[in-house]
Amino acid sequence: MKNINIEINEKYREYLDLLKQVIPNADGSEIKDDSRMIEVLIDSFISFIQEQWEEHDHEHGEDGGHCGSGCGCSH
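About the thresholds
- Residues numbered from 1 in each chain as written.
- Predicted model: local features only at pLDDT ≥ 70, side-chain atom pairs only at ≥ 80, totals over all residues.
- Heavy atoms only, no water.
- Helix = DSSP H or I, 4+ residues; strand = E, 2+ residues; numbered from the N terminus.
- Buried < 20%, exposed > 50% of the residue type's maximum accessible area, 1.4 Å probe, protein only.
- Contact = heavy atoms within 4.5 Å.
- Areas by Shrake-Rupley, 256 points an atom, 1.4 Å probe, with all protein chains shown as cover.
- Axes fitted to C-alpha atoms, helices over the stretch in contact; angles between N-to-C directions.
- Parallel < 35°, antiparallel > 145°, perpendicular 65-115°, else oblique.
- Nonpolar A, V, L, I, M, F, W, Y, C, P; charged D, E, K, R; others polar.
- Salt bridge = Lys/Arg side-chain N within 4 Å of Asp/Glu carboxyl O.
- Phe/Tyr/Trp six-rings, centres within 6.5 Å; stacked < 30°, edge-to-face > 60°.
- Patch = residues over 30% accessible without salt bridge, like charges linked within 9 Å, V, L, I, M, F, W, Y side chains within 5 Å.

> Any chance you could break down the overall build of the protein chain for me, citing the residues and the numbers?
Of regular secondary structure, the protein chain possesses two helices and zero strands. Evaluated residue by residue, the protein chain yields a buried proportion of 11% over its 75 residues. Here the analysis covers contacts within the protein chain between residues at least 6 apart in sequence; of these, 4% occur between residues at least 24 apart. Of the roughly 6,700 Å² of accessible surface on the protein chain, 51% is carried by carbon and sulfur atoms.

Written out as structure tokens, the structure reads:
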């Protein structure tokens, strides 16, 4: 396992502490470790991105042009 060192300013320290109180571990227990909280946030964000991608099913017409939704796809 590779480790990454992250430094955050005081503003984000307060947010991180708040998130640790609000977002529980998978087993429902409180997250006390900063690195575990970062892992949970990254996992949550990746899940959100995957859900958005799976819902990205547009009607693009027969010409296969841009869908017009502003998403930037070229379907």
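> Lay out the packing of helix H1 (residues 10-22) against helix H2 (residues 34-54) in plain terms, naming residues and giving numbers.
The contact between H1 and H2 brings their axes to 10 Å, and the two run at 80 degrees. Of the possible angle classes, the one that applies to H1 and H2 is roughly perpendicular. Between H1 and H2, the contacting residues are Arg13, Leu16, Asp17, Leu19 and Lys20 on the first element and Asp34, Met37, Ile38 and Leu41 on the second. Its residues assigned to classes, the contact of H1 with H2 comprises five nonpolar, no polar and four charged.

> Can you break down the environment of Asp34 residue by residue, with the values?
Residue position: Asp34 is located in helix H2. Separated by 15 residues in the primary sequence, Asp34 and Leu19 place their C-alpha atoms 10.0 Å from one another.

> Summarise the pattern of salt bridges; cite the residues concerned and give the values.
Two side chains carrying opposite charge are able to pair once their charged atoms lie near each other. As enumerated under the stated definition, the model contains five salt bridges in all. Close ionic contact of Arg13 with Asp34 constitutes a salt bridge, the shortest N to O distance being 2.6 Å. One end of the pair, Arg13, is in helix H1; the other, Asp34, is in helix H2, with 21 residues separating them in the sequence. Overall, Arg13 belongs to the partly exposed group, its relative accessible area being 25%.

> A description of the packing of aromatic side chains should follow, citing residues and the corresponding values.
By the definition in use, this model includes one aromatic pair. Seen from their ring centres, Tyr12 and Tyr15 are 5.8 Å apart, and the 75 degrees between their planes marks the pair as edge-to-face. Linking Tyr12 with Tyr15, this pair stays in helix H1, spanning three residues, or about one helical turn. We classify Tyr12 as partly exposed; its relative accessible area is 42%.

> Give a description of a nonpolar patch on the surface that names residues and reports values.
Together, Ile4, Ile6, Ile8, Tyr12 and Tyr15 make up a nonpolar patch on the protein surface, roughly 550 Å² of accessible area in all. Mapped onto the fold, Ile8 is located in the segment before H1. Of the residues examined, Ile8 reaches a relative accessible area of 39% and is grouped as partly exposed.

Taken by themselves, the reported measurements are silent on function.
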